[in-house]
Amino acid sequence: MSETSQGSGALGPIHGRPSFREQFDRSRFPEHGLGSDEVYELLHTGLMLDGRETLNLASFVTTWMEPQAEQLIHDSLRKNHIDHEEYPAASLVEEACVHMLGDLFHAPDPAKVVGVATIGSSEAIMLGLLAHKRAWRHRQLAAGRPTDRPNVVFGAETHVVWDKFANYFDVEMRKIPMRSDRYVLSAADVEAQVDENTIAVGAVLGTTHIGEADPIEEINDLLVRIKAERGWDIPLHVDGASGAFVAPFAEPDLRWDFRLEQVASINASGHKYGLVYPGVGWLIFRDASRLPEDLVFSVNYLGGAQPTYTFNFSRGSAMIQAQMYNFLRLGRDGYTAIVETMLANARHLNEALKASGRFEILNPGLAEPVVTFRLKDDPGFDVYHLSARLRENGWIVPAYSLPADAQDVHLMRVVVRLDLSRTMIEMLLRDLDHAWESLAAEQPTARPAPKPDVWTAPDKAAAHAKARTGLRA
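For the structure given in this document, a descriptive report is provided here. (Residues numbered from 1 in each chain as written. Predicted model: local features only at pLDDT ≥ 70, side-chain atom pairs only at ≥ 80, totals over all residues. Heavy atoms only, no water.)

Our focus in this paragraph is the overall build of the protein. Summing up its helical and strand segments, the protein has twelve helices and 13 strands in all. Looking at the protein residue by residue over its 473 residues, the buried ones come to 48%. A separation threshold of at least 6 residues defines the contact pool for the protein, and within that pool the share at least 24 residues apart is 70%. With an accessible surface of roughly 23,000 Å², the protein has 53% of that area assigned to carbon and sulfur atoms. (Helix = DSSP H or I, 4+ residues; strand = E, 2+ residues; numbered from the N terminus. Buried < 20%, exposed > 50% of the residue type's maximum accessible area, 1.4 Å probe, protein only. Contact = heavy atoms within 4.5 Å. Areas by Shrake-Rupley, 256 points an atom, 1.4 Å probe, with all protein chains shown as cover.)

So, in structure tokens, the structure goes:
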């Protein structure tokens with residue numbers, strides 16, 4: 001029954017009620033409830049303080065899905081995905097997605113891959129590395145060797161979750177720094193760091209900072225040689241968060257996946273170029289031998305015994321169903337068409353920025369539909385000024401610096417998603433040109449330090465945003 005039919009019309013129009021002229025106390029649990037329409041409007045209008053999703057060119061996360069997919073998401077919101085006993089059809093969709101991804105990633109036998117849907121790639125990476133740590137421990141114990149000094153090797157171009165894993169699970173972090181003239185790993189970098197205690201090497205297919213790809217096949221060949229010469233069977237985990245749903249369709253002959261001998265596990269973000277709303281990620285193992293059995297729990301308190309290998313327990317089934325919607329709706333042809341369009345738009349943006357003579361392109365190879373660039377010379381302002389000026393027209397284009405040893409490189413990044421059309425890119429280029437001209441004329445005072453943002457100081461940026469919206473004093 002609606003509020004009006006319950007007689008709520010006597011309360012007067014929603015925008016004339018007390019909730020719209022009084023600030024509610026965010027630190028106290030409310031004593032009395034409000035009408036459903038009133039609460040909706042109050043929160044709905046408050047969220048208008050956020051940026052527009054389509055203009056948020058900082059984010060890899062999907063911001064558009066078909067109405068039928070959104071309806072399926074709504075239909076699945078009430079299903080607790082972990083409850084396989086009551087919702088067997090939903091759980092079978094997850095299993096089917098795992099095998100389809102095994103096929104997409106060229107597993108020797110897609111029917112034998114094992115994997116799991118996760119909240120995102122962060123959980124998937126932690127679960128994958130945890131499995132490799134446990135497998136390493138088993139090998140060490142079987143050989144009578146110590147298990148107290150595991151290490152993991154990866155580069156500074158990785159997501160922060162790699163650092164988190166090393167910290168949370170007591171694994172020595174052998175993090176290879178960036179260089180100011182090279183932003184990805186090399187096989188030589190890796191060879192200098194690995195030893196008999198290395199649980200895994202991490203390589204990235206489409207880095208967050210730059211949008212390039214590590215030389216995965218070269219690293220694999222190194223690990224194959226090390227296995228033959230020294231007997232160290234070091235698995236390679238491919239962090240395909242943003243690239244694993246691009247490379248199979250853009251460069252199907254590129255060898256980065258299970259076609260390579262040492263690639264033991266791959267993570268992918270369904271909510272990035274898998275084209276699903278947040279949050280869903282995927283962890284796929286080459287086969288069951290790569291997931292130690294003692295990490296898989298069996299629970300029966302939901303009505304039947306069921307295995308589980310996740311950090312989370314209860315979670316919604318909606319985004320897993322949405323992933324299957326995309327697989328069936330698009331197929332290889334559909335994903336290929338969308339990926340090719342995104343790459344074509346990214347390439348057009350790359351070329352236009354380069355042709356202007358004002359920018360240096362940092363990822364001309366375009367391993368994914370991401371454009372990263374920095375200013376040429378010194379025009380009298382910096383990328384932080386330019387980012388702020390674009391924000392005045394609604395564009396969210398992040399400006400940030402690279403990690404240690406390349407921290408003097410200050411850049412901007414545009415993530416091209418499926419809902420960023422060529423027409424919008426032309427508008428972005430016009431706004432970028434206008435911002436440049438106005439800043440060049442103004443010659444703004446140089447900032448003593450870059451303004452904190454989600455890249456350079458996420459804690460300060462988050463605090464600023466919350467203070468602005470009244471969520472934090």
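Here we take up the pairing of strand β6 (residues 263–269). Of all the seven residues making up β6, seven are buried; the element is thus mostly covered by neighbouring parts of the structure. For strand β5 (residues 236–240) and β6, the ladder comprises five bridges, and the chain directions are parallel. Bridge pairing links Val238 to Ile266 in β6. Across five bridges, the pairing between β6 and strand β7 (residues 281–285) is antiparallel. By the bridge assignment, Ile266 is partnered in β7 with Ile284. (Pairing = 2+ DSSP bridges.)

Packing of helix α2 (residues 67–76) against helix α9 (residues 318–355) leaves a shortest axis separation of 8 Å and a crossing angle of 150°. For the element pair α2 / α9, the angle class is roughly antiparallel. Between α2 and α9 lies a crossing whose hand is right-handed. Contact residues: Gln68, Ala69, Leu72, Ile73 and Ser76 in α2; Ala318, Met319, Gln321, Ala322 and Tyr325 in α9. Here the residues of the contact of α2 with α9 are counted per class, giving seven nonpolar, three polar and no charged. (Axes fitted to C-alpha atoms, helices over the stretch in contact; angles between N-to-C directions. Parallel < 35°, antiparallel > 145°, perpendicular 65-115°, else oblique. Left-handed = near helix turned anticlockwise from the far one by under 90°. Nonpolar A, V, L, I, M, F, W, Y, C, P; charged D, E, K, R; others polar.)

Further remarks concern the sheet that holds strand β4 (residues 198–204). The sheet built from seven strands is open, its strands ordered β1-β7-β6-β5-β4-β2-β3 with mixed pairing. Both edges of this open sheet fall to β1 (114–118) and β3 (172–176), since each of them pairs with a single strand only. Each neighbouring strand pair of the sheet contributes to a mean axis angle of 20°, computed without reference to strand direction. The sheet contact formed by β1 and β7 spans five bridges and is antiparallel.

The next subject is the side chain of Asn350. On the secondary structure map, Asn350 appears in helix α9. Beyond its immediate chain neighbours, meaning those up to four positions away, Asn350 contacts Ile361, Asn363, Pro364, Leu366 and Val371.

This brings us to the sheet that holds strand β13 (residues 410–415). Here four strands make up an open sheet; going across it, the order is β10-β11-β13-β12 and the pairing antiparallel. On the outer flanks of this sheet lie β10 (359–361) and β12 (399–401), each paired with one strand and no other. When strand polarity is set aside, the average angle formed by the axes of neighbouring strands in this sheet is 40°. The pairing of strand β11 (residues 370–375) with β13 spans four bridges and is classified as antiparallel. Within β13, the position partnered with Phe373 by the bridge is Met412. Most of the contacts of α9 go to β11, to which it runs at about 15°, and overall it touches β10, β11 and β13.

Within the fold, Arg174 resides in strand β3. Put simply, Arg174 and Gln193 are 19 residues apart on the chain and 6.8 Å apart in space, counted from C-alpha to C-alpha. Arg174 has contacts with Asn151, Val152, Val153, Phe154, Gln193, Val194 and Asp195, leaving out every residue within four places of it along the chain.

What follows is about helix α10 (residues 383–391). The buried fraction of α10 is high, at seven of nine residues. Within α10 the residues assigned to the buried category are Val383, Tyr384, His385, Leu386, Ser387, Arg389 and Leu390. At its buried positions, α10 is contacted by β10, β11, β12, β13 and α11 (422–442). One side-chain oxygen at the N-terminal end of α10 lies 3.0 Å from the backbone nitrogen of Tyr384; it belongs to Asp382. (Polar contact = N/O pair within 3.5 Å; in protein donor to acceptor, adjacent residues only side chain to side chain.)

Under the criterion given, the structure shown has twelve aromatic pairs. Taken together, a centroid distance of 6.2 Å and an interplanar angle of 20° make the contact between Phe245 and Tyr335 stacked. Residue Phe245 is found in the loop between β5 and α8 (247–250), and its partner Tyr335 is found in helix α9; the two are separated by 90 residues along the sequence. Tyr335 gets classed as buried once you look at its relative accessible area, which sits at 2%. Members of the aromatic cluster, joined through ring pairs, are Phe245, Phe249, Phe327 and Tyr335. In this structure, Lys272 packs its charged tip against the face of Phe60, placed 5.4 Å from the ring centre. (Phe/Tyr/Trp six-rings, centres within 6.5 Å; stacked < 30°, edge-to-face > 60°. Lys NZ or Arg CZ within 6 Å of the ring centre and 35° of its normal.)

Attention shifts here to empty space enclosed by the protein. Over the atoms rolls a probe the size of a water molecule, and in doing so it shows where empty space is left. Under the defined criterion, the tally for this structure stands at two cavities of 30 Å³ or more. In this structure, the largest cavity spans a volume of roughly 40 Å³. Along the walls of the largest cavity sit Leu349, Phe373, Leu390, Val397, Met412, Val414, Leu428 and Leu432, which together make up its complete lining. Counting residues per element, the ones that place at least two in the lining of the largest cavity are β13 and α11. Among the residues forming the lining of the largest cavity, the class breakdown is eight nonpolar, no polar and no charged. In this structure, the second largest cavity spans a volume of roughly 30 Å³. (1 Å grid on protein atoms, 1.4 Å probe; cavity = no way out; pocket = protein on both sides within 12 Å on 5 of 7 lines; lining within 4 Å. Points joined across faces, edges and corners; volume = space filled by probe spheres on them.)

This part takes up the pattern of salt bridges. If the charged atoms of two oppositely charged side chains come close together, the side chains can form a pair. One pass over the full model with this rule turns up 21 salt bridges. Here Asp103 makes a salt bridge to Arg332, at a shortest N to O gap of 3.3 Å. Remark: Arg332 occurs in helix α9 and Asp103 occurs in helix α3 (residues 88–104); sequence separation between them is 229 residues. Since its relative accessible area comes to 40%, Asp103 is described here as partly exposed. A salt bridge links Glu191 to Arg230, with the shortest nitrogen-to-oxygen separation between them at 3.9 Å. (Salt bridge = Lys/Arg side-chain N within 4 Å of Asp/Glu carboxyl O.)

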